[in-house]
Amino acid sequence: MWLSCPYLGADVELTDERVTHIRRRHDDVLAPEYSLIRETLTDPDVVRARPTAPDELLFVREFDSLVVDQHVIVVVRQDEPPDDRRAGRFWVITAYRSPDEPAMGRVEW
């Protein structure tokens, strides 16, 4: 599955293997129809670079409609650099909910 990410200017891949991983650990961010992940990638409140993994970004969005754990964090990795023909390859590593915005990593946007 491919998800739009205007910040990256590219689509982000969400593979079946990653969906299985997320379902096992953080099932609540998958329903309904991956909308929390989609909205976080489409319109994040903040994007942070991970200090320990420069090829990974944390997309963070706060959802007022969630009762608890209101921040959704989507971790995206770039494993193929961009070139003149394409934006590179980006894929979702994981997604989860948190009561707070993560403090780690420098703010990219």
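Residues numbered from 1 in each chain as written. Predicted model: local features only at pLDDT ≥ 70, side-chain atom pairs only at ≥ 80, totals over all residues. Heavy atoms only, no water.

> Please clarify how the overall build of the protein chain should be interpreted in this entry.
Along the backbone of the protein chain there are 2 helices and 7 strands. Order of helices (α) and strands (β) in the protein chain, N terminus to C terminus: β-β-α-α-β-β-β-β-β. The buried share of the protein chain, reckoned over its 109 residues, is 44%. Contacts in the protein chain between residues at least 24 apart in sequence constitute 50% of all its contacts with a sequence separation of at least 6. Here the protein chain has roughly 6200 Å² of accessible surface; of this, 48% comes from carbon and sulfur atoms. (Helix = DSSP H or I, 4+ residues; strand = E, 2+ residues; numbered from the N terminus. Buried < 20%, exposed > 50% of the residue type's maximum accessible area, 1.4 Å probe, protein only. Contact = heavy atoms within 4.5 Å. Areas by Shrake-Rupley, 256 points an atom, 1.4 Å probe, with all protein chains shown as cover.)

> Can you help me understand the confidence of the model for the protein chain in this one?
Do not read the fine detail of predicted coordinates wherever pLDDT is low. In the predicted model, the protein chain carries a mean pLDDT of 87, and the fraction of residues at 70 or more is 88%. For the protein chain, per-element mean pLDDT is lowest for strand β7 (residues 106-107), which scores 75, and highest for strand β1 (residues 2-5), which scores 96. (pLDDT = per-residue confidence, 0-100.)

> Which parts of the structure should I look at to understand helix α2 (residues 35-42)?
The periodicity of an α-helix, 3.6 residues per turn, causes residues three or four positions apart to be oriented the same way. Listing the buried residues of α2 in full gives Leu-36, Ile-37, Thr-40 and Leu-41. Each buried residue of α2 lies within a common arc of 125° when the element is viewed along its axis, so the set occupies one face. (Arc of directions from axis to C-beta.)

> Would you explain the pairing of strand β4 (residues 53-62) in this entry?
In summary, the side chains of a regular strand alternate between the two faces of the sheet. Among the 10 residues in β4, 7 count as buried, and that is most of the element. In this structure, strand β3 (residues 46-50) lies alongside β4, joined through 5 bridges in antiparallel fashion. Along β4, the bridge assignment pairs Arg-50 with Ala-53. Where β3 folds back onto β4 in an antiparallel hairpin, the turn is made up of 2 residues. (Pairing = 2+ DSSP bridges.)

> Would you explain the side chain of Glu-13 in this entry?
The residue Glu-13 is located in strand β2 (residues 10-13) in this model. What makes Glu-13 buried here is its relative accessible area of 17%. Contact partners of Glu-13, with chain neighbours within four places excluded, come to Met-1, Trp-2, Arg-89, Phe-90, Trp-91 and Val-92.

> Help me understand helix α1 (residues 16-26) in this model?
Taken together, the buried positions of α1 are Arg-18, Val-19, His-21 and Ile-22. Angular distribution of buried residues about the axis of α1 spans 160°; they occupy a single face of the element. Exposed and oriented more than 90 degrees from the buried face of α1 are Asp-16 and Arg-24. Lining the buried residues of α1 we find α2 and β6 (89-98).

> In this structure, what is going on with the packing of aromatic side chains? I would like to understand it.
What characterises a pair of aromatic rings is the spacing of the ring centres plus the angle enclosed by the ring planes. The tally for this structure, following the rule as stated, stands at 1 aromatic pair. Taking the centre distance of 5.9 Å and the plane angle of 80° together, the rings of Tyr-7 and Phe-59 count as edge-to-face. Of this pair, Tyr-7 sits in the loop between β1 and β2 while Phe-59 sits in strand β4, placing them 52 residues apart in sequence. Taking relative accessible area as the criterion, Phe-59 reaches 0% and is therefore assigned buried. (Phe/Tyr/Trp six-rings, centres within 6.5 Å; stacked < 30°, edge-to-face > 60°.)

> Even after reading the chapter, I still don't get the nonpolar core, so can you show me in this structure?
The tendency in soluble globular proteins is for nonpolar side chains to be buried side by side. Core analysis: the largest hydrophobic core is formed by 25 residues, its most contacted members being Leu-8, Ile-37, Leu-41, Phe-59 and Val-74. Broken down by secondary-structure element, the contributors of at least two residues to this core are β1, β2, α1, α2, β3, β4, β5 (71-80) and β6. Look past the residues within four positions of Ile-37 in its chain and what remains in contact with it is Leu-3, Ile-22, Val-29, Leu-30, Val-74 and Ala-95. (Core = buried A, V, L, I, M, F, W, Y, C linked by side-chain atoms within 4.5 Å.)

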